[in-house]
Amino acid sequence: MIPMVDLKTQYHRLKPEIDQALAEVLESCAFVLGPNVQAFEKEAAAYLGVKHAIGCASGTDALHLALRAAGIGEGDEVITSAFTFIATAEAIRYVGARPVFVDIDPDSFNLRPELVERAITARTRAIMPVHLFGQPCDMAGLQAVADRHGLKIIEDCAQSFGASIGGKQTGSFGVAAGFSFFPSKNLGCYGDGGLVATDSDELAQQIKVLRNHGSEVRYYHDVVGYNSRLDEMQAAVLRVKLRHIEEFNAGRRRAAHRYSELLAELPLQAAKEDGIGAHVYHQYTLLSDRRDDILQALASAGIACAVYYPVPLHRQKVFLADCAGVDLPVTEDIARRCLSLPMFPELSDEQIERVVDVIRGVFRG
Ligand SMILES: *Cc1c(COP(=O)(O)O)cnc(C)c1O
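What counts as what
Residues numbered from 1 in each chain as written. Predicted model: local features only at pLDDT ≥ 70, side-chain atom pairs only at ≥ 80, totals over all residues. Heavy atoms only, no water. Near = heavy atom within 4 Å. Polar contact = N/O pair within 3.5 Å; in protein donor to acceptor, adjacent residues only side chain to side chain. Areas by Shrake-Rupley, 256 points an atom, 1.4 Å probe, with all protein chains shown as cover. Helix = DSSP H or I, 4+ residues; strand = E, 2+ residues; numbered from the N terminus. Nonpolar A, V, L, I, M, F, W, Y, C, P; charged D, E, K, R; others polar. Disulfide = S-S within 2.5 Å. Buried < 20%, exposed > 50% of the residue type's maximum accessible area, 1.4 Å probe, protein only. Arc of directions from axis to C-beta. Contact = heavy atoms within 4.5 Å. Core = buried A, V, L, I, M, F, W, Y, C linked by side-chain atoms within 4.5 Å. Phe/Tyr/Trp six-rings, centres within 6.5 Å; stacked < 30°, edge-to-face > 60°. Patch = residues over 30% accessible without salt bridge, like charges linked within 9 Å, V, L, I, M, F, W, Y side chains within 5 Å. Salt bridge = Lys/Arg side-chain N within 4 Å of Asp/Glu carboxyl O. Axes fitted to C-alpha atoms, helices over the stretch in contact; angles between N-to-C directions. Left-handed = near helix turned anticlockwise from the far one by under 90°.

Account for the site of the ligand, with residues named and values stated.
Around the ligand, the structure places 14 residues, and the nearest of them are Gly59, Thr60, Gln159, Ser180 and Lys185. At a separation of 2.8 Å, an oxygen atom of the ligand approaches a polar backbone atom of glycine 59. Serine 180 is positioned with one of its side-chain polar atoms (N or O) 2.6 Å from an oxygen atom of the ligand. Protein coverage of the free-state accessible area of the ligand, which is 380 Å², stands at 92%. Looking at the shell around the ligand, the elements that each hand over two or more residues are helix 3 (59-69) and helix 4 (87-94). Residues that form the shell around the ligand fall into these classes: 4 nonpolar, 8 polar and 2 charged.

This is the structure in structure tokens:
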């Protein structure tokens, strides 16, 4: 049995640190917006190289709050990828804007600046790049497009904590970025959690107010806000794990490179690095015409695997009305052929060899 992610092995490795951090929160009885959230926000901002990090309740909320604070709203268009988790586009709809889906690069699965530029209309206000599976987007290319047309970039970094371009972290390129700490993400807590990163004092202040019922001074409310706070238990876990993030991501990269080495001999497309930045392999995703055969073989062998994502967003029922005439051939081709293999920092060479053995069997048989 090989799981997609192995949270238990990681917990047992960090158990003394995590148990102590959680026990301290329980003893303090400060559960919401206390010292751990404050400290984590400082530590995360320092790691990411941004002026402000604001904890919130989820990655979806982080994107929503970032868009709202950036002034994106009713009637605006936001250009993004259809090959992503639904939350990217949900956040755009929450503020009343319309997601405009464009096609992606067939190797990195990320937005292509020239296709983004072609989709710009008079209503376009923002671009939301997704650093999919942990591989950084072409931020220089996207920033050039944004600058030419006066657009804001809000990064979806839910899968890219620790990924960087020339030493600069994803999440530090746009006017704001949303991170997710869902348990399976590269930096994951033990429940839901998220964070907005920004260099803007003004956006940071707005987001702090929005996440806490539109209130700066307790019981005085200036805008309609939300209950979207990171809680102390999660912040305490995240402070422990942030100290290990470099080692986690190095473990993912090691595992990915071993997969790629072994898969190179097979007639399929192993995960590709486009060289733009440092990939942190939230997922290891290959392409094959025999995807469904591989899926079946792995499942029979007790090896978890998953299709991220089987239905691109422009083909989802919820967005069909928005997407009449939208044709994204690369996205659709990839959705038909993609398969993600077990990926976590502690994945062993023996486990990787076992996975590849089973895949090899599909092409032999
Ligand atoms: C996980 C994820 C989100 C949402 O994060 P939650 O914390 O689950 O709300 C947004 N975008 C992408 C690309 C994700 O993978």
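Here the narrative resumes.
Summarise the state of the cysteines; cite the residues concerned and give the values.
Here a disulfide denotes a covalent bond joining the sulfur atom of one cysteine to the sulfur atom of another. According to the stated counting rule, one finds 0 disulfides in the structure shown. The thiol of cysteine 56 is not disulfide-bonded; the next cysteine sulfur, from cysteine 189, is found 11 Å away. Cysteine 338 provides the cysteine sulfur closest to cysteine 323, a residue in no disulfide bond, and the two sulfurs are 18 Å apart.

Can you lay out helix 6 (residues 139-149) for me, pointing to particular residues and giving the numbers?
Restricting attention to buried positions, one finds in helix 6 the residues Met139, Gly141, Leu142, Val145 and Ala146. The arc that holds the buried residues of helix 6, viewed along the axis, is 165°, so those residues lie on one side. Among the exposed residues of helix 6, those pointing more than 90 degrees away from its buried face are Ala140, Asp147 and Arg148. Buried residues belonging to helix 6 abut helix 5 (113-118), strand 4 (124-128), strand 5 (152-156) and strand 6 (164-165).

Before we move on, could you go through the nonpolar core and cite the residues and values that matter?
If you look at the biggest cluster of nonpolar residues, it comprises 40 residues, and the most contacted ones within it are Phe83, Tyr259, Leu263, Tyr284, Leu298, Leu341 and Ile359. Looking at this core, the elements that each hand over two or more residues are helix 9 (245-263), strand 10 (284-287), helix 10 (291-300), helix 11 (329-337), strand 11 (338-341) and helix 12 (349-364). If one sorts the elements of this core by residue count, helix 12 sits on top with 6 residues. Among residues more than four places away in sequence, those in contact with leucine 298 are Ile303, Cys305, Leu339, Leu341, Val355, Val358 and Ile359. Among the nonpolar cores identified, the runner-up in size contains 30 residues, and Leu22, Ala177, Ala197 and Ile245 belong to it.

Give me the packing of aromatic side chains: which residues, what numbers.
The geometry of an aromatic ring pair is captured by the separation of the ring centres together with the interplanar angle, meaning the angle of the planes. Tallied over the entire structure, the rule returns 14 aromatic pairs. Geometrically, the ring pair formed by phenylalanine 40 and phenylalanine 181 is edge-to-face, given 5.5 Å between the ring centres and 75° between the ring planes. Placement of the pair is phenylalanine 40 in helix 2 (residues 35-48) and phenylalanine 181 in the loop between strand 8 (176-180) and strand 9 (194-198), with a sequence separation of 141 residues. Judged on exposure class, the residue phenylalanine 40 and its partner phenylalanine 181 are both buried. Each ring, one from tyrosine 308 and one from tyrosine 309, has its centre 5.7 Å from the other, and the planes form 55°; the classification is tilted. By relative accessible area, tyrosine 309 is classed as buried at 12%. Grouped by ring-pair contacts, the aromatic residues Phe40, Tyr47, Phe161, Phe179 and Phe181 constitute a single cluster.

Would you mind going over a nonpolar patch on the surface in detail, with residue names and values included?
Where nonpolar side chains cluster on the molecular surface, the patch consists of Leu26, Phe31, Val32 and Leu33 and spans about 320 Å² of accessible area. The topology assignment puts phenylalanine 31 in the loop between helix 1 (7-28) and helix 2. With a relative accessible area of 35%, phenylalanine 31 lands in the partly exposed category.

Any details on the packing of helix 3 against helix 4? Residues and values, ideally.
Where helix 3 meets helix 4, the axes come as close as 8 Å, and the angle between the chain directions of the two elements is 40°. Helix 4 is crossed by helix 3, and the crossing has right-handed handedness. Counted together, Thr60, Leu63, His64 and Leu67 of helix 3 and Ala87, Thr88, Glu90, Ala91, Ile92 and Tyr94 of helix 4 form the full contact between these two elements.

Any functional reading would require information beyond the geometric quantities listed.
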